[in-house]
4 protein chains.
Amino acid sequence: MLTELKREAYEANLALPRHGLTHFTFGNASALDRARGIFAIKPSGVPFEKLRPADMVLIDLTGKKIEGKLAPSSDTPTHRRLYLAFKQIGGIVHTHSCHATAFAQAGRAIPNLGTTHADYFFGEIPVTRKLTSAEISGDAYEWETGNVIVERFLKDSLAPLDLPGILVNRHAPFTWHTSVAQAVEIAVAVEYLAHMTFLSLQLDPRLKPIEPALSAKHFSRKHGPAAYYGQASSR
Amino acid sequence: MLTELKREAYEANLALPRHGLTHFTFGNASALDRARGIFAIKPSGVPFEKLRPADMVLIDLTGKKIEGKLAPSSDTPTHRRLYLAFKQIGGIVHTHSCHATAFAQAGRAIPNLGTTHADYFFGEIPVTRKLTSAEISGDAYEWETGNVIVERFLKDSLAPLDLPGILVNRHAPFTWHTSVAQAVEIAVAVEYLAHMTFLSLQLDPRLKPIEPALSAKHFSRKHGPAAYYGQASSR
Amino acid sequence: MLTELKREAYEANLALPRHGLTHFTFGNASALDRARGIFAIKPSGVPFEKLRPADMVLIDLTGKKIEGKLAPSSDTPTHRRLYLAFKQIGGIVHTHSCHATAFAQAGRAIPNLGTTHADYFFGEIPVTRKLTSAEISGDAYEWETGNVIVERFLKDSLAPLDLPGILVNRHAPFTWHTSVAQAVEIAVAVEYLAHMTFLSLQLDPRLKPIEPALSAKHFSRKHGPAAYYGQASSR
Amino acid sequence: MLTELKREAYEANLALPRHGLTHFTFGNASALDRARGIFAIKPSGVPFEKLRPADMVLIDLTGKKIEGKLAPSSDTPTHRRLYLAFKQIGGIVHTHSCHATAFAQAGRAIPNLGTTHADYFFGEIPVTRKLTSAEISGDAYEWETGNVIVERFLKDSLAPLDLPGILVNRHAPFTWHTSVAQAVEIAVAVEYLAHMTFLSLQLDPRLKPIEPALSAKHFSRKHGPAAYYGQASSR
């Protein structure tokens, strides 16, 4: 069942090593059918070059496995937590991409220092608080990982499609969007933004974020009702 | 019409991802027929791998679309502004290449620290001032982006072929030359110079630019009446 | 004899340049048959592209050459020293990979700053003391290189499979595991961890290691009796 | 004439972009027939992908062109100066490789921080003094570039095969060895050493060079009468 959904998730998972975002079995992507409340996710620990579309595991939003011979990604509860909290999203990507993970390891948000950033994120790429020892050591570590992401968005009333990604403190980035293909594009952008911003901060550690007008201009140029970037037919 | 001009612009646009200067739909190149006052430019938001020569949009120097089914790049007014101000140029390239954009985000010119730089630029690669909120939020943001470039050149009486590129503050580099193929080569050079100069400044943040004699020697070795680099037939 | 062991060692040696871990004749890998006390190792100074499985040299744990027309890697005594001391290991890899070697040159351990690290190493990647002039200049330099590795593990009662690699001070990394294929994966991970950790330390030179609970969680998620990462059949 | 010499120079020139050491028309390599006093060098300003073996230009050690339709590299006088001063060398390579050039631009020698370095250079990779304005602006700029290299070696009685390369201040590296193929390998090593050493110095700007015993051990392991690295037949 849901052959097309599994194919979307499969294609997104294969895109991760192709974009240099992940190695070996690291990283995973999932695609959600919101109407049915079922998502397709990568099986755990299978090398990307051995994946087939039929290997994708189907899970419903209560956490029950619907279809699949293999165990799903160990990060499945994190994906489920995000799908439950962020009603607008249809795909999630998790990587350990080099520069973005370096910011996560340092516990630092990625500030909005230029128009490339503003094209994708309406503000800094946030970072979660650290998990507590109890959250880490309990039986629901991956669910708690989702919880600290949701908590960060609730705390400042952030909008998941204005800020389609986050850094989990000491861990790595998660990205999302209306489709998993777009979540992959955001994951590529997060790594590229992390790289450029790292370099800019080395040149000047006290750089301030760009002006609100510039941030608003570039985000609205690509997203929302006033968008004029790209072809009208594809907006 | 202008099939050859469209092909030149097309080839230049394809060269950008091949040189690692751009991803997804970022970046654009245009080629001008100065006699007719018409330039060919990339359509907006089309992925590089889907471009065809016939997709290039023809625009005249008053800003009117002459031919093309697709909407032109949203940066078209910036290109037009530069063609109007810099009479010697025939091609323009815009990228968000990693190291050059890092300097732009930091609002810093790229100083002339060695002979590689001096082979391409007769002095530092300048940076514009920031745009004002009014310039950003009005209807002519991309035209104003061209304006701050021209303003920077007028302010210090800079010569566009001595300094065939600039960093737009908080944004990214633009390069140009007599042909769009040469503008691509300058765009590659700007990224490479930004990378090397970043590293040199990490080794010694107080490095001074090279001596004027060395700058003049290398620039004149490759450009102008006393050039002796390359084959006489191709100078 | 031991055709399969030689093939394993051969495949591991070829994987090193493919993963960008080594150039020219640098780096080497060996595979041990613990029951027979014989290991297969790369011949010295042969470029990777010219290697054949039959070129692997067989050496026993007393240091005697058992089979092979070519001289074994000059680092053979280091491998032998490690096989004698670490009873659980079946494969060793030595590279001069860029970021890991940069830490070795600086005489610094690679601190555990995130979950990517914790997936592979249960604690920091240690660094040896420097060799003394006598150890360097004597006839057993490569054996002494093995000795300082073993000494570092004995000093703090470290477990070779909890910390499957080390940096030799002023030199470069060695990694190991139960099989040489896994030692290659660790070598890739060490380079990647060194790169990310370098970046994190540039962002904040005073970063502290991750909390013990997080380190334990990620290591035990992948290794040992409570592992739940990957498919049960392949654990 | 000298078909084999031209082929050697040609192969070395092609190796430069393949190793990522150069772009466009930057960089050049030459091979010397010491008995005849003639060297084959790349023509000036020809892109690497268009080079053919027959394009190599033959120059004798008095500077006279012996054969070739094209103008030789503008750096030809630098090559000639080095062949005259360093009697043991048979090939020279010049690149603007990224990390090595960053050190040259900063006017800094590359210190010997590890055994990878010690395998190739018996001490730091030196840097020349800056050229004077008179040396730069006169008719013999490229010859004077060779002169400051030779001057640096004479000043400290350095041996060209112990230190088979140098950084020209504000410019870029030159390397050499008994054959041009080996000079290419040194050029690759210089770039790799510059990259690793840059990273080590970022981790600790006050790092001291390695101990003389370690430097001597690694250099003599690969070079000279006591060498035991590689196969006896190929030493």
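You'll find the structure just up there.
Since the model is a prediction, treat every value here as computed from it, not as a measurement.

About the cut-offs
- Residues numbered from 1 in each chain as written.
- Chains lettered and ligands numbered in written order.
- Predicted model: local features only at pLDDT ≥ 70, side-chain atom pairs only at ≥ 80, totals over all residues.
- Heavy atoms only, no water.
- Least-squares fit on C-alpha atoms with pLDDT ≥ 70 in both.
- Contact = heavy atoms within 4.5 Å.
- Buried area = accessible area lost by both parts, 1.4 Å probe.
- Salt bridge = Lys/Arg side-chain N within 4 Å of Asp/Glu carboxyl O.
- Polar contact = N/O pair within 3.5 Å; in protein donor to acceptor, adjacent residues only side chain to side chain.
- Helix = DSSP H or I, 4+ residues; strand = E, 2+ residues; numbered from the N terminus.
- Axes fitted to C-alpha atoms, helices over the stretch in contact; angles between N-to-C directions.
- Parallel < 35°, antiparallel > 145°, perpendicular 65-115°, else oblique.
- Left-handed = near helix turned anticlockwise from the far one by under 90°.
- Nonpolar A, V, L, I, M, F, W, Y, C, P; charged D, E, K, R; others polar.
- Buried < 20%, exposed > 50% of the residue type's maximum accessible area, 1.4 Å probe, protein only.
- Pairing = 2+ DSSP bridges.
- Phe/Tyr/Trp six-rings, centres within 6.5 Å; stacked < 30°, edge-to-face > 60°.
- Lys NZ or Arg CZ within 6 Å of the ring centre and 35° of its normal.
- 1 Å grid on protein atoms, 1.4 Å probe; cavity = no way out; pocket = protein on both sides within 12 Å on 5 of 7 lines; lining within 4 Å.
- Points joined across faces, edges and corners; volume = space filled by probe spheres on them.

As a further point, take the relation of the copies chain B and chain D. Of the two same-sequence chains, chain B is brought onto chain D (RMSD 0.0 Å, axial shift 0.0 Å) by a rotation of 90 degrees. Interpreted geometrically, this transformation is the action of a four-fold axis. It is Gln202 of chain B whose C-alpha, among those of chain B, lies nearest the rotation axis, at 5.6 Å. Looking at chain B, a mere 3% of its interface residues are interface residues in chain D too, so the copies touch through different faces.

Residue-level contacts link 34 residues of chain A with 32 residues of chain C. When residues of chain A are sorted by the area they lose upon contact with chain C, Phe24, Gln105 and Arg170 of chain A head the list and together hold 24% of the total. There are three salt bridges connecting chain A and chain C. Along the contact surface separating chain A from chain C lie 18 residue pairs in polar contact (both at pLDDT 80 or more). Elements that contribute at least two residues to the side of chain A that touches chain C include exactly helix 3 (98–105), helix 5 (133–137), helix 6 (141–155) and helix 7 (180–203) of chain A. Top element by residues in the side of chain A that touches chain C is helix 3 of chain A. It accounts for six residues.

Each copy of the sequence occupies a distinct position, and chain A is placed on chain C by a rotation of 90 degrees and an axial shift of 0.0 Å, giving an RMSD of 0.0 Å. Here only 3% of the interface residues in chain A have copies in chain C that are interface residues too; the copies meet through unlike faces.

In this section: the packing of helix 7 (residues 180–203) of chain C against helix 7 (residues 180–203) of chain D. It is at 10 Å that the axes of helix 7 of chain C and helix 7 of chain D come closest, and there the two elements cross at 40 degrees. When the axes of helix 7 of chain C and helix 7 of chain D are compared, the pair comes out oblique. The way helix 7 of chain C lies across helix 7 of chain D gives a crossing that is left-handed. Contacts between helix 7 of chain C and helix 7 of chain D involve Phe198, Leu201 and Gln202 of chain C on the former and, on the latter, Leu199, Gln202 and Leu203 of chain D. When its residues are assigned to classes, the contact of helix 7 of chain C with helix 7 of chain D shows four nonpolar, two polar and no charged.

Taken together, the contact between chain B and chain D spans 32 residues of the former and 34 residues of the latter. For the pair chain B and chain D, the two sides together bury roughly 3,000 Å², of which 56% comes from carbon and sulfur. Its largest share of buried area at the contact with chain D, chain B owes to Tyr192, Leu203 and Gln231 of chain B, together 22% of the area lost on that side. Linking chain B to chain D there are three salt bridges. Taking the shortest distance from any N to any O, the salt bridge between Arg221 of chain B and Asp75 of chain D comes out at 3.6 Å. Across the chain B-chain D interface, the total number found is 18 residue pairs in polar contact (both at pLDDT 80 or more). Looking at the side of chain B that touches chain D, the elements that each hand over two or more residues are helix 4 (115–118), helix 7 (180–203) and helix 8 (212–222) of chain B. Broken down by element, the residue count for the side of chain B that touches chain D peaks at ten residues, all from helix 7 of chain B.

For the structure shown, the criterion picks out 40 salt bridges over all chains. Salt-bridge contacts for Glu142 of chain A lead to Arg221 of chain C; the nearest nitrogen and oxygen are separated by 2.6 Å. Highlighted residues: Glu142 of chain A in helix 6 and Arg221 of chain C in helix 8 (residues 212–222), drawn from two different chains. Judged by its relative accessible area of 6%, Glu142 of chain A is buried. On the basis of relative accessible area, Arg221 of chain C is assigned to the buried category, the value being 4%. Each of Asp75 and Glu142 of chain A together with Arg221 of chain C takes part in a single network of salt bridges with overlapping partners.

Looking now at the pairing of strand 5 (residues 91–94) of chain D. Put simply, side chains in a regular strand alternate between the two faces of the sheet. Residues and elements named next belong to chain D. Side-chain alternation along strand 5 places Gly91 and Val93 on one buried face and Ile92 and His94 on a second face that is also buried. Where strand 1 (residues 28–33) meets strand 5, four bridges bridge the pair, whose relative direction is antiparallel. By the bridge assignment, Asn28 is partnered in strand 5 with His94. Both strand 5 and strand 7 (residues 173–177) contribute to a ladder of four bridges, which runs antiparallel. Residue pairing across strands places His94 opposite Phe174, the latter belonging to strand 7.

Now for helix 3 (residues 98–105) of chain B. All names here are of chain B. Among the eight residues in helix 3, eight count as buried, and that is most of the element. Taken together, the buried positions of helix 3 are occupied by Cys98, His99, Ala100, Thr101, Ala102, Phe103, Ala104 and Gln105. Gly107 sits one or two positions beyond helix 3 and adopts a positive phi of about 65 degrees.

All names here are of chain C. If you trace the seven strands from one edge of the open sheet to the other, you get 4-3-2-1-5-7-6, paired in antiparallel fashion. Sheet topology places strand 4 (65–67) and strand 6 (165–167) at the edges, where each strand pairs with a single neighbour. Each strand axis lies, on average, 20 degrees off the axis of its neighbour in the sheet, ignoring direction. Summarising the sheet, strand 6 and strand 7 (residues 173–177) pair through three bridges and their orientation is antiparallel.

Attention now moves to the pairing of strand 1 (residues 28–33) of chain A. All names here are of chain A. The buried fraction of strand 1 amounts to five of the six residues, a majority that puts the element mostly inside the structure. Relative to strand 2 (residues 38–41), strand 1 runs antiparallel, the two being bridged by four bridges. If you follow Ala31 over to strand 2, its bridge partner there is Ala40. Turn length for the strand 1-strand 2 hairpin, with the two strands adjacent in sequence and antiparallel, is four residues, and the turn residue Gly37 shows positive phi of about 70 degrees.

Scanning the model with the defined rule gives 24 aromatic pairs over all chains in all. Ring centres 5.5 Å apart and planes at 65 degrees place the aromatic pair Phe153 of chain A and Trp176 of chain A in the edge-to-face group. Of this pair, Phe153 of chain A sits in helix 6 while Trp176 of chain A is found in strand 7 (residues 173–177), placing the two residues 23 residues apart along the sequence. The class of Phe153 of chain A is buried, set by a relative accessible area of 2%. Each ring, one from Phe86 of chain C and one from Trp176 of chain C, has its centre 5.2 Å from the other, and the planes form 55 degrees; the classification is tilted. With Phe86 of chain C in the loop between helix 2 (76–85) and strand 5 (91–94) and Trp176 of chain C in strand 7, the pair connects residues that are 90 residues apart, well separated along the chain. Of the two residues, Phe86 of chain C and Trp176 of chain C, neither departs from the other in class, the shared state being buried. Aromatic rings pair up to connect Phe86, Phe153 and Trp176 of chain A into one cluster. In this structure, Lys42 of chain D packs its charged tip against the face of Phe48 of chain D, placed 4.6 Å from the ring centre. In this structure, Lys222 of chain D is placed above the aromatic ring of Tyr120 of chain D, and the distance from its NZ or CZ to the ring centre is 4.9 Å.

Right, let's talk about the layout of surface pockets for a bit. If you add up the space inside the largest pocket, you get close to 1,400 Å³. Lining the largest pocket are 45 residues, and of these Phe24 and Thr25 of chain A together with Tyr120, Ala181 and Glu185 of chain C lie nearest its centre. Elements with a minimum of two residues in the lining of the largest pocket: helix 1 (3–18), helix 4 (115–120) and helix 7 of chain C together with helix 7 of chain D. The leading source of residues in the lining of the largest pocket is helix 7 of chain C, at eight residues. Partitioning the lining of the largest pocket into residue classes produces 18 nonpolar, 16 polar and eleven charged.

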